[in-house]
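# Fold and contact review
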Amino acid sequence: MKQTLFILFQHLVPQHLLSRLVGRLAECKTPWVKNFFIRQFAKKYAINMQEALVEEPTAYENFNAFFTRELKPDARSIDQDEDTIVSPADGAISQLGPIEHGRIFQAKGRGYGLSTLLGGCEKLAEDFKNGSFATIYLSPRDYHRVHMPLRGTLRETIYVPGDLFSVNQTTAENVDQLFARNERHVAIFDTEAGPMAMVLVGAMIVAGIETVWEGQVAPPLKQPLRTQYGNAEQLPVTLEKGAEMGRFKLGSTVVLLFGKDATQWLDELAAKSPVELGKKIGSVRT
C-alpha cells in the first residue's frame, strides 16, 4: 500500500514545478536557511565529510555546492589498467547485462527501448544493438559527480525532455520505461572499446544536470537539443579515464551503453551490488 501511494503521488504531483522550487531553495545562500538544510541532510544520511575537500558542511555557499562537493585528491583511486572499465560514480548497480532485441532491462520484467532512451534516434541506436548496459543508481548519501569509465572523445550530446519520476528501486519496479521517459542528457563518446553512451537521467527534485564542457544542460524551453562536437562550431572534447564529466544537483542515475562484443562486466556484479568511483566494473574485450 505504501509503495502504491508513493507511485500515485508521483503521477499526480507537478513534477517540474516541484523540482524548480526545490532547485531555488537549494541555491539559497541565506546562512540560516542553507545551513539548516545542510546539517539536517548530513545527519540523516550520515555523510562522510572527512573525504570532502572542504570538510565543514556549513562552509559551502548553498546546498547545491554541498551536495556536489569535491573530494580530496586521494579519496578515490582510479584503476589505470588499459583494458579496465571503471565505475563512473559511487552508488549501486540497478541492473546490468546484454541489450537484447533493442531493449534494456529495467526491473521485474519491465524494460525500455534503446532508441527511445537515446532520444528516438534509430541510427544512433545501431551502435549499441546487441551490446551491453550498466545502470548505476546514486543514492542521496553518495558523491554526486560523474567521471569517465574510459578515456573518450565526445562525439555528440542529446538533451531529451521528459518526466521527473524518482529513480529508486521502488519506481524502477513499478513505473514503465522509467529511464526512457525521464528527462535525460545523452553523451556519446568514441573510446578504445568503440562507441560509449553515458546517459545522465534526471529525477524528481533533481535541481539540475551539468557537464564539464557545457555547464547546466537542460534548455529553459525544454525542447530536444542535439549537438555535434569536433567541428568548426564545437571544438573536440577529450576526457581521460577518471576525469569528471558531469554532476547531479541531487541524486539520480547513470546508464552506460557499449556496442556488441565490446565489453565484459565483472561476473560478481548484479542488481544492488555497491560500486565505487574508479573501481573496476568490467573489461574491454580485445
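Parameters at a glance
Starting from 1, residues in each chain are numbered consecutively following that chain's sequence as written. For a predicted model such as this one, the threshold for reporting local features is a pLDDT of at least 70, and the threshold for listing and counting side-chain atom pairs is 80 or more; totals across whole chains, interfaces and linings nevertheless cover every residue. Hydrogen atoms and water are omitted, and side-chain values are computed over all heavy atoms in the structure. Numbering of helices and strands runs from the N terminus, with a helix taken as a DSSP run of H or I at least four residues long and a strand as a DSSP run of E at least two residues long. Computed with a 1.4 Å probe, the accessible areas rest on the Shrake-Rupley method; for each residue, only the protein chains presented here act as cover. The patches reported here contain residues having more than 30% relative accessible area and no salt bridge. Joining distances are 9 Å for like charges and 5 Å for nonpolar side chains (Val, Leu, Ile, Met, Phe, Trp, Tyr). Here, a salt bridge means any side-chain nitrogen of Lys or Arg that lies within 4 Å of a carboxyl oxygen of Asp or Glu. In this charge count, Lys and Arg are treated as positive and Asp and Glu as negative; neither His nor the chain ends contribute. Every charge is mapped onto a representative atom, which is NZ of Lys, CZ of Arg, CG of Asp or CD of Glu. Residue burial is assigned from relative accessible area. The probe radius is 1.4 Å, only protein chains are included, and a residue is buried under 20% of its type maximum, exposed over 50%, and partly exposed in between. Paired strands, in this sense, are two strands between which DSSP finds at least two bridges. One fewer than the residue count of a helix, multiplied by 1.5 Å, yields its expected span. The contact criterion used is simple: two residues touch if any of their non-hydrogen atoms lie within 4.5 Å. Axes here mean lines fitted to C-alpha atoms, for a helix over just the part in contact, with angles spanning 0 to 180 degrees between N-to-C directions.

## Some thoughts on the overall build of the chain
- Tallying secondary structure elements over the chain gives eight helices and 18 strands in all.
- Counting every atom, the chain has about 13500 Å² of accessible surface; 52% of that belongs to carbon and sulfur.

## Brief notes about a negative patch on the surface
- On the surface, Asp81, Glu82, Asp83 and Glu192 cluster together into a negatively charged patch.
- Take Asp83: it is sitting in the loop between α4 (63–67) and β1 (84–86).

## Considerations on the pairing of strand β2 (residues 91–98)
- β2 sits mainly inside the fold: six of its eight residues count as buried.
- Pairing between β2 and strand β17 (residues 274–275): two bridges, direction antiparallel. Looking across to β17, one finds that Ala92 is bridged to Pro274.

## Thoughts on unusual backbone geometry
- Of note, the phi angle at Ala46 is positive, near 50 degrees, even though the residue is not glycine.
- Inspection of the secondary structure assignment puts Ala46 in the loop between α3 (31–44) and α4.
- The residue Asp261 is not glycine, and still its phi comes out positive at about 60 degrees.
- For Asp261, the position within the fold is in the loop between β15 (253–258) and β16 (263–265).
- Note on Asp261: relative accessible area 52%, which makes it exposed.

## Considering the pattern of salt bridges
- Using the criterion set out here, one finds 12 salt bridges in the structure.
- Where Glu51 meets Arg76, a salt bridge forms, and the shortest distance between an N and an O atom there is 3.0 Å. With Glu51 in the loop between α3 and α4 and Arg76 in the loop between α4 and β1, this residue pair connects regions lying 25 residues apart in the sequence.
- For Arg247, the salt bridge goes to Glu244, with nearest N and O atoms at 2.8 Å.
- Bridged by salt links that share partners, the residues Glu51, Arg76 and Asp90 form one connected network.

## A closer look at the pairing of strand β9 (residues 194–201)
- Here β9 lies mainly inside the structure; six of its eight residues are buried.
- Between strand β8 (residues 184–191) and β9, which follow one another and run antiparallel, lie two residues.
- Alignment of β9 against β15, held across six bridges, turns out to be antiparallel. Paired with Leu200 across the strands is Val254, a residue of β15.

## Focus on α3
- Taking 1.5 Å per residue, 14 residues should reach 20 Å; α3 reaches 20 Å between its end C-alpha atoms and fits that length.
- Those residues of α3 that sit buried are Val33, Lys34, Asn35, Ile38, Phe41 and Ala42.
- Looking one or two places after α3, you find Ala46, whose phi comes out positive at around 50 degrees.

## Focus on the sheet that holds strand β11 (residues 215–216)
- Spatially, β6-β14-β10-β11 is the arrangement adopted by the four strands of the open sheet, whose pairing is antiparallel. Looking at strand neighbours, the two that pair on one side only are β6 (145–147) and β11, the edges of this open sheet.

## Some words on a nonpolar patch on the surface
- A contiguous nonpolar patch, built from Leu25, Phe36 and Phe37 and spanning about 280 Å² of accessible area, is present on the exposed surface.
- Note that Leu25 resides in helix α2 (residues 15–26).
- Under the relative-accessibility criterion, Leu25 is labelled partly exposed at 39%.

## Overview of the side chain of Ser94
- Within the element layout of this structure, Ser94 appears in strand β2.
- The contacts of Ser94, once residues within four sequence positions are left out, are Thr135, Ile136, Gln169, Phe179 and Ala271.

## What to know about the sheet that holds strand β18 (residues 280–284)
- Spatially, the three strands line up as an open sheet ordered β1-β18-β16, and their pairing is antiparallel. Whereas interior strands pair on both sides, the edge strands pair on one side only; in this sheet they are β1 and β16. Taken over all neighbouring pairs, the strand axes of this sheet differ in orientation by 30 degrees on average, direction set aside.
- Both β16 and β18 contribute to a ladder of three bridges, which runs antiparallel. Among the inter-strand pairings, Trp265 is bridged to a residue of β18, identified as Gly282.

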